[in-house]
Amino acid sequence: MEFEAKLPLSFQKEIFEEVRNEDGLCVVAPGLSSLRIVANILAYYSVPGSLLILLNANDTDIEILEKYLDELKKPLVSVNTDSMSVDGREKAYKGGGIFAVTSRILVLDMLTHLIPVEFITGLVVLHADRITATGSEAFVLRLFRQGNRDGFIKAFTDEPERLTMGINALSGCLRCLFLKHVSIFPRFHVHVAEALENSPAAVVEFNVEATESQKSMQTCIITCIESTIKELRRINSAHLDMEQWTVDSLLHRSFDIIIRRQLDPLWHRLSSKTKTLVSDLTTLRSLLTSLISYDCISFLKLLDTVILSAGGRNPMQNQSPWLLLEPANTLINLARQRVYSVSPTSPNVQVPVLEALPKWDILKTILDEIKQDASKTDVTPSTLIMCADDRTCFQIKDYLLSSSFDEDASLKLMQRKLRDYLDWLQRYKKIKNELQIKGIPKQRLESSNTFRKAVPPNKRRRVRGGSNATTRSTTPVEANDNIEPLFSLINSHVTTPETESSESSYFNDFSLNIKSYDGDYDDILLEELSPNYIIMYDADPAFIRRVEVYRATHPERQLKVYFTYYGGTVEEQRYLFAVRREKDSFSRLIRERANMTVLLTTAEESLTDPEHKFLQSVNTRIAGGGRVSSMSTEQPRVIVDLREFRSTLPSMLHGHGFSVVPCQLTVGDYILSPKLCVERKSVPDLIQSLNSGRLYSQCESMQDHYEIPILLIEFDQNKSFQLEPFAELSAEIGKNDLQSKLVLLTLCFPKLKIIWSSSAYATVLIFSDLKALHEEPDPETAVSYGLEPGQDATSTLNRAPVDLLLGLPYVSQKNYRNIVYSNVKNVTELCDTERRNLTELIGPECGNGLYNFMRKELKDV
Amino acid sequence: PKLVSKSVNHNVLVSFRQKGNPLLPHLRNVPWEYSEIVPDFVMGAKTCALFLSLKYHHVHPEYIYSRIGKLGKAYELRILLAVVDVENHRESIQELVKTSVVNRYTLILAWSSAEAARYIETYKAFEFAAPTNIMERPSTDYLERVQNTFTSIRGINKSDCLSLIAHFGSMKRALTATQEELEQIDGFGPTKVRRFLEATHQPFRSQK
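Residues numbered from 1 in each chain as written. Chains lettered and ligands numbered in written order. Predicted model: local features only at pLDDT ≥ 70, side-chain atom pairs only at ≥ 80, totals over all residues. Heavy atoms only, no water.

## Some thoughts on the overall build of chain B
1) Next: Across its full length, chain B holds ten helices and seven strands.
2) Next: If you line up chain B on its principal axes, its C-alpha atoms span 75 × 45 × 35 Å.
3) Next: Partitioning the contacts of chain B with sequence separation of at least 6, the portion at a separation of at least 24 is 60%.
4) Next: For chain B, the accessible surface area stands at approximately 9400 Å², while carbon and sulfur atoms represent 54% of it.
5) Next: Side-chain charges in chain B split into 27 positive and 21 negative, and the spacing between the mean points of these groups amounts to 7 Å. (Helix = DSSP H or I, 4+ residues; strand = E, 2+ residues; numbered from the N terminus. Contact = heavy atoms within 4.5 Å. Areas by Shrake-Rupley, 256 points an atom, 1.4 Å probe, with all protein chains shown as cover. Lys, Arg positive; Asp, Glu negative; His and termini not counted. Charge placed at Lys NZ, Arg CZ, Asp CG, Glu CD.)

## Side note on the overall build of chain A
1) Next: Each helix and strand counted, chain A has 38 helices and 21 strands in total.
2) Next: Here chain A holds 861 residues, and 56% of them are scored as buried.
3) Next: Considering only residue pairs separated by 6 or more positions, chain A has 76% of its internal contacts joining residues 24 or more positions apart.
4) Next: By element, 49% of the accessible surface of chain A is carried by carbon and sulfur atoms, the whole surface being about 36800 Å². (Buried < 20%, exposed > 50% of the residue type's maximum accessible area, 1.4 Å probe, protein only.)

## Section: the sheet that holds strand 1 (residues 12-15) of chain B
1) Next: Ordered by their spatial adjacency, six strands build an open sheet running 2-1-3-4-5-6 (chain B), and the pairing between neighbours is mixed. Only two strands of the sheet have a single neighbouring strand rather than two, namely strand 2 (32-35) and strand 6 (106-110) of chain B. (Pairing = 2+ DSSP bridges.)

## Examining the side chain of Thr-157 of chain A
All names here are of chain A.
1) Next: You can see Thr-157 is positioned in strand 6 (residues 152-157).
2) Next: Residue Thr-157 is classed as buried on the basis of its relative accessible area, which comes to 4%.
3) Next: A polar contact is formed between the side chain of Thr-157 and the side chain of Asp-129, at a distance of 2.6 Å.
4) Next: Reaching out from Thr-157, the side chain makes a polar contact with the backbone nitrogen of Glu-159 at a distance of 3.1 Å.
5) Next: Setting aside anything within four residues of it in sequence, one finds Thr-157 in contact with Leu-25, Cys-26, Val-27, Val-28, Ala-128, Asp-129 and Leu-163. (Polar contact = N/O pair within 3.5 Å; in protein donor to acceptor, adjacent residues only side chain to side chain.)

## Focus on helix 15 (residues 326-337) of chain A
Residues and elements named next belong to chain A.
1) Next: Taking 1.5 Å of rise per residue, twelve residues should cover 16 Å, and helix 15 covers 16 Å from first to last C-alpha, within 8% of that figure.
2) Next: Among the residues making up helix 15, those that are buried are Pro-327, Ala-328, Asn-329, Leu-331, Ile-332, Leu-334, Ala-335 and Arg-336.
3) Next: Looking at the buried side of helix 15, the elements it contacts are helix 10 (212-235), helix 14 (296-310) and strand 9 (340-342). (Expected span 1.5 Å × (residues − 1).)

## Points about the packing of aromatic side chains
1) Next: Evaluated as defined, the whole model comprises 21 aromatic pairs over all chains.
2) Next: A ring pair is formed by Tyr-56 of chain B and Tyr-63 of chain B, whose centres lie 5.2 Å apart and whose planes are at 85°; its orientation type is edge-to-face.
3) Next: Here Tyr-56 of chain B falls in the partly exposed class, since its relative accessible area comes to 38%.
4) Next: Owing to a relative accessible area of 17%, Tyr-63 of chain B belongs among the buried residues under this scheme.
5) Next: The structure contains a cluster of three or more aromatic residues connected by ring pairs, namely Phe-16, Tyr-44, Tyr-45 and Phe-152 of chain A.
6) Next: Here Arg-78 of chain B stacks its cationic end above the ring of Tyr-105 of chain B, 5.2 Å away from the centre of that ring. (Phe/Tyr/Trp six-rings, centres within 6.5 Å; stacked < 30°, edge-to-face > 60°. Lys NZ or Arg CZ within 6 Å of the ring centre and 35° of its normal.)

## Examining the environment of Cys-173 of chain A
Residues and elements named next belong to chain A.
1) Next: Inspection of the secondary structure assignment puts Cys-173 in helix 8 (residues 169-177).
2) Next: The buried category is assigned to Cys-173, whose relative accessible area is 3%.
3) Next: In the structure, Cys-173 is positioned 42 residues away from Ile-131 in sequence and 6.5 Å away in space, judged by C-alpha atoms.
4) Next: What Cys-173 contacts, discounting residues up to four positions off in sequence, is Ala-128 and Leu-163.

## Concerning the nonpolar core
As a rule of thumb, soluble globular proteins bury nonpolar side chains together.
1) Next: Counting residues in each nonpolar core, the largest one holds 188 residues, and the members touching the most others are Leu-25, Leu-177, Trp-756 and Phe-767 of chain A together with Phe-41 of chain B.
2) Next: No other element matches helix 2 (residues 34-45) of chain A, which puts nine residues into this core.
3) Next: Counting 123 residues, the second largest nonpolar core, distinct from the first, contains Phe-510, Leu-804 and Ile-819 of chain A together with Leu-197 of chain B. (Core = buried A, V, L, I, M, F, W, Y, C linked by side-chain atoms within 4.5 Å.)

## A look at helix 31 (residues 738-748) of chain A
1) Next: The buried fraction of helix 31 of chain A amounts to nine of the eleven residues, a majority that puts the element mostly inside the structure.
2) Next: Turning to helix 31 of chain A, its buried residues number three or more, namely Leu-738, Gln-739, Ser-740, Lys-741, Leu-742, Val-743, Leu-744, Leu-745 and Thr-746 of chain A.

## Examining the packing of helix 32 (residues 760-771) of chain A against helix 4 (residues 90-102) of chain B
1) Next: Contact pair helix 32 of chain A / helix 4 of chain B: the axes reach a minimum separation of 10 Å and the direction vectors enclose 35°. The two elements helix 32 of chain A and helix 4 of chain B meet at a crossing, and its hand is right-handed. Each of Tyr-761, Ala-762, Leu-765, Ile-766, Asp-769 and Leu-770 of chain A in helix 32 of chain A lies in contact with helix 4 of chain B, whose residues at this interface are Arg-90, Gln-94, Val-97, Lys-98 and Val-101 of chain B.
2) Next: Residue composition of the contact of helix 32 of chain A with helix 4 of chain B, grouped by class: seven nonpolar, one polar and three charged. (Axes fitted to C-alpha atoms, helices over the stretch in contact; angles between N-to-C directions. Left-handed = near helix turned anticlockwise from the far one by under 90°. Nonpolar A, V, L, I, M, F, W, Y, C, P; charged D, E, K, R; others polar.)

## As for the packing of helix 31 of chain A against helix 5 (residues 113-125) of chain B
1) Next: Here helix 31 of chain A crosses helix 5 of chain B at 45°, and the two axes come no closer than 10 Å. Considered as vectors, helix 31 of chain A and helix 5 of chain B are oriented oblique to each other. The hand of the helix 31 of chain A/helix 5 of chain B crossing is right-handed. On the side of helix 31 of chain A, the interface is formed by Gln-739, Ser-740, Leu-742, Val-743, Thr-746 and Leu-747 of chain A, while helix 5 of chain B contributes Glu-115, Tyr-119, Thr-122 and Tyr-123 of chain B.
2) Next: When the residues that make up the contact of helix 31 of chain A with helix 5 of chain B are grouped by side-chain class, the tally is five nonpolar, four polar and one charged. (Parallel < 35°, antiparallel > 145°, perpendicular 65-115°, else oblique.)

## Digging into the sheet that holds strand 4 (residues 97-101) of chain A
Residue and element names in this part refer to chain A.
1) Next: Ordered in space as 3-4-2-5-6-1-7, the seven strands form an open sheet in which the pairing is parallel. Taken across any chain shown, the strands that pair with only one partner, and hence form the sheet edges, are strand 3 (76-79) and strand 7 (182-185). Shown here is a sheet whose adjacent strand axes are inclined to one another by a mean of 20°, direction ignored.
2) Next: In this structure, strand 3 lies alongside strand 4, joined through four bridges in parallel fashion. By the bridge assignment, Val-77 is partnered in strand 4 with Phe-99.

## Quick word on the interface of chain A and chain B
1) Next: At the junction of the two partners, chain A supplies 108 residues and chain B supplies 80 residues.
2) Next: For the chain A and chain B pair, buried surface summed over both sides reaches about 8600 Å², with 64% attributable to carbon and sulfur atoms.
3) Next: Our enumeration of links across chain A and chain B arrives at three salt bridges.
4) Next: The greatest single-element share of the side of chain A that touches chain B, amounting to ten residues, is contributed by helix 31 of chain A.
5) Next: Looking at the side of chain A that touches chain B residue by residue, the class counts come to 55 nonpolar, 28 polar and 25 charged. (Buried area = accessible area lost by both parts, 1.4 Å probe. Salt bridge = Lys/Arg side-chain N within 4 Å of Asp/Glu carboxyl O.)

## What about the confidence of the model for chain A?
1) Next: Across chain A, the average pLDDT comes to 80, with 80% of residues at 70 or higher.
2) Next: Between residues 616-633 of chain A, whose pLDDT stays under 50, and residues either more than four places distant or in other chains, the model counts 14 contacts. (pLDDT = per-residue confidence, 0-100.)

## Some details on the UniProt feature "domain: ERCC4" (unreviewed entry) in chain A
1) Next: Under the feature "domain: ERCC4" (unreviewed entry), the UniProt entry names residues 637-717 of chain A.
2) Next: Secondary structure over residues 637-717 of chain A splits into 36% helix and 32% strand, and the C-alpha atoms at its two ends are 24 Å apart. (UniProt positions renumbered as here; feature names shortened; annotations may be inferred.)

## Thoughts on the pattern of salt bridges
Residues and elements named next belong to chain A.
1) Next: Throughout the structure, instances matching the rule amount to 37 salt bridges over all chains.
2) Next: Residues Glu-571 and Lys-359 are paired through a salt bridge, measuring 3.0 Å at the closest nitrogen-oxygen approach. Within this pair, whereas Glu-571 is found in helix 25 (residues 570-594), its partner Lys-359 is found in helix 16 (residues 358-375), the two being separated by 212 residues in sequence. Both residues of the pair, Glu-571 and Lys-359, belong to the buried class.
3) Next: When salt bridges that share partners are traced, they join Asp-129, Arg-130, Glu-159 and Arg-162 into one network.

## Comments concerning the environment of Ser-692 of chain A
1) Next: As for its placement among the helices and strands, Ser-692 of chain A is situated in helix 29 (residues 683-692).
2) Next: Considered as a pair, Ser-692 of chain A and Tyr-810 of chain A are 118 residues apart in the sequence and their alpha carbons are 12 Å apart.
3) Next: Once you skip the residues sitting within four places of it in the chain, Ser-692 of chain A turns out to touch Met-135 and Glu-136 of chain B.
4) Next: At 3.3 Å, the side chain of Ser-692 of chain A forms a polar contact with the backbone nitrogen of Arg-694 of chain A.

## Points about the pairing of strand 16 (residues 659-663) of chain A
Residue and element names in this part refer to chain A.
1) Next: Burial of strand 16 is extensive: five of the five residues sit out of reach of the surface.
2) Next: With burial as the criterion, each face of strand 16 is covered, one bearing Ser-659, Val-661 and Cys-663 and the other bearing Val-660 and Pro-662.
3) Next: Across five bridges, strand 15 (residues 637-641) lies against strand 16 in parallel orientation. The partner of Val-638 across the bridge, within strand 16, is Val-660.

## A word on a negative patch on the surface
1) Next: On the surface, a cluster of negative charge is made up of Asp-59, Glu-63, Glu-66, Asp-70, Glu-71, Asp-390, Asp-518, Glu-527 and Glu-528 of chain A together with Glu-198 of chain B.
2) Next: Of the residues forming the negative patch, the biggest block, five residues, is contributed by helix 3 (residues 59-71) of chain A.
3) Next: You can see Asp-70 of chain A is positioned in helix 3.
4) Next: Look at Asp-70 of chain A and you get exposed, because its relative accessible area is 57%. (Patch = residues over 30% accessible without salt bridge, like charges linked within 9 Å, V, L, I, M, F, W, Y side chains within 5 Å.)

Below, the structure is given as structure tokens:
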């Protein structure tokens, strides 16, 4: 077998050789086109009769690999429920080839023997860092190793950071993958550096200064973040470890996610105030990012919406405390003043200010320079502008289009946006009034002020810079009320837009492309466009790597790179932090690999996590060569609903020696015997489904078909085994407490039994206890329960659209199947369905209600 | 004697055996009295409870079985109210789950005497309550309905709901929105747009 790898650079060939020669986990720095190597590995093994599985690839990966594999003349087949039926899948697997399969589907296909596990040549796993012991990828790998001991497993990742988080993350990951060998290729690897630094591209950096108002607003937001964190720490001192945090680290870390992770083990026991504070952090962080990327009007719009929804309408819901801070007031005022302000001549008139983003001007300067530069040669230069997201792309495109026919480009653009904003404000006021009618009385807002305790009004903190002080404002921040004067000004100041002439636009002088960063897809983009000039409008470390690779691959092409960033802002710090973090992670990984032999041998004894231990014990049994495939008849059987394969329980059940039969169930989640039917609820699910009434309907149908209906309340392994703390309960019996609803449920369904389980692991043991006393369940009967004639159980329901359907008013657990099994295909079609058809499907009352709800105009509310 | 039986309906009956149970001082919201009954608590004509502290259970594992044996299948709803007052509870809870399913008891776990008392109170208070509070009932408020609909899409929060309805003006226009339209909305990144489109455009079911 002769195979010539299509890899242009020497280090890429080196990685390819290493992966081919030995099964292992390959950690590559982002941007070094690891997918190209994956494609070559797949092509290398793809010979007639071979069956290769690509696991854990996302849509983008698949699209890129299809392209690369096409060059290598090997087709890639992608399998998800939408594209291929069960029969089609079976046939395709038999024919062999390269398949990218969603892991949840692969689990099902392996369990139902649709795919011949023993004939699989090998598995290639992408994003290996994301694999956890209890996830479905690990389940696939276990099923694979059980039925096939000779096939290869090769894993890739380009996120070294994730392998250094937590204790023994690397060795844990390797155990799930059944791998021992690790190869590491950071950017600072000698061969990588050699290849890339041979012919460096010309780079021009622009340190753009943010406007004064942007800087002040950033300070305001950071002050709000600090106070929120301080408050969070005050009321949760026992669970939060944030002592080592500095203001700097706040800027670039995903601190909201870190805090959420720390609080997660007791999330269902936290007070609603704490939850409000945590979600505030996410909001504030997104404001921090939008501040430098959104134009001033879009930012104000975002801020208006945030303030409105954070204000709290339900008396049970807390108002976000940061809104009551002085900096929040300053923030909204500054945000407004960037858009319009009181006219200096007459105080009752407001005039547009419309501050432009500083980067716009720089961008124009760069483009003019390129134009001049290019005029020396006679070819049209190919220029590529890269931004963080599509939104910024639109913004720049808009800006460049308007700049062609007017000197004052940004003003033209912003005036158009201002007009849209004023239209929007009218709808916004509508919602606001609606909310205020039912909202909380004012005093209540004031008295719920959380920060009063934290910072007494008379004890002002001494800080540099006036806007920095964390004093309480006298009134809560109010959303924009006084906008009428603005309407009058719009007619006088803002002219109607001219039809855009395309005569002298930048798009004509240049071959100009504006794109957003899109991971590995950027490699293909660079190859296709082969740009002479690249403007990195936003920073992205991986993209710099890609440019380096592109440059090294084509050293003969002319290339100049411009790079703009706002100095001294979150943007710059985030960029520097990302670069440093990647380097640190690689150094740690290399150290950890050196100690690996010790880790792998001692890890088994030192494992404290029972879930891990549990799955591990299964693994050793398989490694011992136990013949597991011959026990199909004696194995205890559990019928499991397809949707449940997103949870860890089916994988654990299988690991414990149950025969797991995947079926699409209408009634129940797990069927243990002809009498025992279990509906599984995690604690958040339990709360949600008791509120929505869904659990009531589910219990109803379980009771109709099974003698012993069971509600399984499953706590998370890592979370506390306790419902809300009692201190949260009031002195009187509450109607809406979780416990009260549980009481009501058991009163309604006296036959309903409850399983309390501290983890999925505990559930498995309880299931085997219960099953010991009963007969085996029959899949066909279980599937038929709850279905009306004509509704066939063989088609698979898709989760996202069905959940949305159930979220609509007038659609209930009882009638949603009438829609799902009708010829209405999806939610968009449901919107266009005639009144007559809807009433036929779900009855006159619900049908009319739904029809009217869809068509109700916000302005008529 | 007739008067007595009438007052029984309003009170929680407590067995003399429960004297000294630390949950009794917490029984404040409903009246209670001692009575000669087989179970430990009677919260209604059809509802009774056996009380068990896991600490006690660890010392006297046979106790609860003798109580279950005596009570048998009397009362329609039999609660086994267990207080989790020990650290290593997994095995005993596993055992109690099995016992309760086999003997048709409904197991309720509480983590303190106060919480256990609240369960007893609530069973009494809700003796004749209608289940409307836990049944599916459409909300009547337009914006609440809008929120309920949109938040059933993963990753869409309440402020996104307001942005959506303010931008599109009606549910029909929002739910039939295209990718380009959604990308215009402030706060909507590529992930949110993708999830929204998946929920609105993917078919409810894929054919075999």
